[in-house]
Amino acid sequence: MNKKLTVRIIAIIFITFIIFILPKSASASTLNLSPASGSVGLGGTISVRVNLNTAGEAVNGVTAILTYPADKLEVAGISYSGTFGIAAEGSYGGGAIRISRGNINTVSANVNLATITNRGKPPGSATVSFVGGSAVPRASDSSD
């Protein structure tokens, strides 16, 4: 097994442990999209930033799960910021986007997690929304 694959497997296990195994607690951290709304023509593109505001809480992992109507939008690509150096997941297609990132050191700021470039399809209205499973656990909880 090569070193890069080993690091990815360890990162996935680490993020999965933080998000699913450790006790959940209320956190003031929020995920948001910017711009919150916009227009794109048929075949045109629009970029939307996925932002994380930790509200002063120290975090070292984040999972953002979003849905979109695949008949109205197509994800043309996703680029990631360097704030969270461990890439545990980054997939899209079929109306869903899954982004999971982690960092050895804690992050306590308002940061850009990723930028999603969407391509317009037939006319209509489309909503991109965060859904269940999105999480930003506090670093203090992961030490318990």
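None of these values were measured; they are calculated from a predicted model.

This part covers the overall build of the chain. When helices and strands are counted, the chain shows two helices and eight strands. Along the chain, helices and strands appear, N-terminal first, in the series α-β-β-β-β-β-β-β-β-α. For the chain, the exposed area adds up to about 7,600 Å²; of that, 56% sits on carbon and sulfur atoms.

Let us look at the side chain of Thr 63. Counting through the fold element by element, Thr 63 comes out in strand β3 (residues 59-67). Within the local environment of Thr 63, its side chain forms a polar contact with the side chain of Ser 100, the two groups lying 3.0 Å apart.

Pairing within the open sheet is antiparallel, and its four strands lie in the order β1-β2-β7-β4. Every other strand in the sheet has two partners, leaving β1 (30-34) and β4 (73-80) as the edge strands with one partner each. When the angles between neighbouring strand axes are averaged without regard to direction, this sheet yields 25°. Relative to strand β7 (residues 110-120), β4 runs antiparallel, the two being bridged by seven bridges. Bridged to Glu 74 within β7 is Arg 119.

Attention now moves to the pairing of β1. Of the two faces of β1, the one holding Leu 31 and Leu 33 is buried and the one holding Thr 30, Asn 32 and Ser 34 is not buried anywhere. Across five bridges, β1 lies against strand β2 (residues 45-53) in antiparallel orientation. Bridge pairing in β2 places Thr 30 opposite Asn 53.

About the criteria used
Residues numbered from 1 in each chain as written. Predicted model: local features only at pLDDT ≥ 70, side-chain atom pairs only at ≥ 80, totals over all residues. Heavy atoms only, no water. Helix = DSSP H or I, 4+ residues; strand = E, 2+ residues; numbered from the N terminus. Areas by Shrake-Rupley, 256 points an atom, 1.4 Å probe, with all protein chains shown as cover. Polar contact = N/O pair within 3.5 Å; in protein donor to acceptor, adjacent residues only side chain to side chain. Pairing = 2+ DSSP bridges. Axes fitted to C-alpha atoms, helices over the stretch in contact; angles between N-to-C directions. Buried < 20%, exposed > 50% of the residue type's maximum accessible area, 1.4 Å probe, protein only.

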